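Residue-level listing of the chains:
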Amino acid sequence: MSALYGLIIMEKHINAPFDKEQVKDLKAGDYVYISGTIYSARDAAHKRMYDAILASEYSDADGKTLYEKGVIPFDLTNNVIYYLGPTPAKEGQVIGSAGPTTSTRMDKYTPLILSKGLNGMIGKGKRGQAVIDSIIKDQAVYFAAVGGAGALLSGCIKESEVIAYDDLGAEAIRKMRVENFPAIVVIDCQGNNLYETAVEDYRNSRA
């Protein structure tokens, strides 16, 4: 536990993938270290999955079924997507600079993706109201990674493998093993939004 501008910041360690009970334990403002398996996907990859789901005869199915039927390249259930398009890795590196992409680029596709079982998203910046509503409905969580700290974040990525859409280059889907990847819970499953509450809490602390 630490403090910032008089606010109490809870530090938590979680392993990905994680279930809905763990989602419920994450609150807006929590500082979280994520270890385990996460996936990278930016807007081009999101669009391809979104279009494939809608075009499929299994469009009403869950993430596991969609994966088993070959509609999407991995099972979304309980997983985490990092909005990432890394720079090319230098010799001896697992991955290049790995800073987050602006999350609003994914907003159009996110409600459908969340409805298929995704539990977590990592990016930067605000989300639209439709996404916030889906976070509440589907009991998910939105994390922010530190923008401008791509080199630091890449050090937390211990393994990286392109598993789909390699023609998209940097926007291909990667399966990654991370250790103590730092992120902040911005929107929790109750809809509490750090971008809104932190401003008010800060004002109150200065009053």
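For the structure itself, look to the data block above.
Everything numeric here is computed off the predicted structure, so don't read it as measured data. (Residues numbered from 1 in each chain as written. Predicted model: local features only at pLDDT ≥ 70, side-chain atom pairs only at ≥ 80, totals over all residues. Heavy atoms only, no water.)

Visitor: How would you summarise the pairing of strand S7 (residues 141-144) if you had to cite specific residues and measurements?
Guide: Burial of S7 is two-sided: the residues Val141 and Phe143 facing one way and the residues Tyr142 and Ala144 facing the other way are all buried. Of the pairings in the sheet, the one linking strand S6 (residues 120-123) to S7 comprises four bridges and is parallel in character. Counted as the bridge partner of Gly123 is Ala144 from S7. With helix H5 (residues 129-138) bridging S6 and the parallel S7, this β-α-β connection has right-handed handedness. (Buried < 20%, exposed > 50% of the residue type's maximum accessible area, 1.4 Å probe, protein only. Helix = DSSP H or I, 4+ residues; strand = E, 2+ residues; numbered from the N terminus. Pairing = 2+ DSSP bridges. Right-handed = clockwise from strand over helix to strand, strands pointing away.)

Visitor: How would you summarise the nonpolar core if you had to cite specific residues and measurements?
Guide: Within the largest apolar cluster, 32 residues are counted, with the highest numbers of intra-cluster contacts made by Met49, Ile81 and Ile173. Elements with a minimum of two residues in this core: helix H2 (43-55), helix H4 (110-115), H5, S7 and strand S9 (173-187). Of all the elements, H2 adds the most residues to this core, at four residues. If we skip the residues at most four places from it in the chain, Met49 touches Ile72, Pro73, Phe74, Ile81, Ile113, Tyr165 and Ile173. Within the second largest apolar cluster, 26 residues are counted, among which are Val32, Tyr82, Phe143 and Phe181. (Core = buried A, V, L, I, M, F, W, Y, C linked by side-chain atoms within 4.5 Å. Contact = heavy atoms within 4.5 Å.)

Visitor: Which residues make up the pattern of salt bridges, and what values do they have?
Guide: Tallying each qualifying case throughout the model produces ten salt bridges. Note that Asp30 is salt-bridged to Lys12, the shortest N-O span being 2.8 Å. Taken as a pair, Asp30 in the loop between helix H1 (20-24) and strand S4 (31-40) and Lys12 in strand S3 (residues 11-16) lie far apart in primary sequence, 18 residues in all. Note on accessibility: Asp30 and Lys12 belong to one class, buried. We note a salt bridge from Arg177 to Glu179, for which the minimum N-O separation is 2.8 Å. Look at the salt bridges and you will find they share partners, linking Lys12, Asp25 and Asp30 into a network. (Salt bridge = Lys/Arg side-chain N within 4 Å of Asp/Glu carboxyl O.)

Visitor: How would you summarise the side chain of Thr110 if you had to cite specific residues and measurements?
Guide: Within the fold, Thr110 resides in helix H4. Here Met106 takes part through its backbone oxygen, which lies 2.7 Å from a polar atom of the side chain of Thr110. Those residues in contact with Thr110 that sit more than four places away from it in its chain are Tyr83, Met121, Arg127 and Val131. (Polar contact = N/O pair within 3.5 Å; in protein donor to acceptor, adjacent residues only side chain to side chain.)

Visitor: Lay out the packing of aromatic side chains in plain terms, naming residues and giving numbers.
Guide: For the coordinates displayed, the defined rule picks out five aromatic pairs. Taking the centre distance of 5.1 Å and the plane angle of 70 degrees together, the rings of Tyr50 and Tyr109 count as edge-to-face. Remark: Tyr109 occurs in the loop between strand S5 (80-82) and H4 and Tyr50 occurs in helix H2; sequence separation between them is 59 residues. One residue, Arg48, lies across the ring of Tyr165, its end atom 4.9 Å from the ring centre. Stacked on the ring of Tyr142, the Lys or Arg Arg127 has its end atom at 4.9 Å from the ring centre. (Phe/Tyr/Trp six-rings, centres within 6.5 Å; stacked < 30°, edge-to-face > 60°. Lys NZ or Arg CZ within 6 Å of the ring centre and 35° of its normal.)

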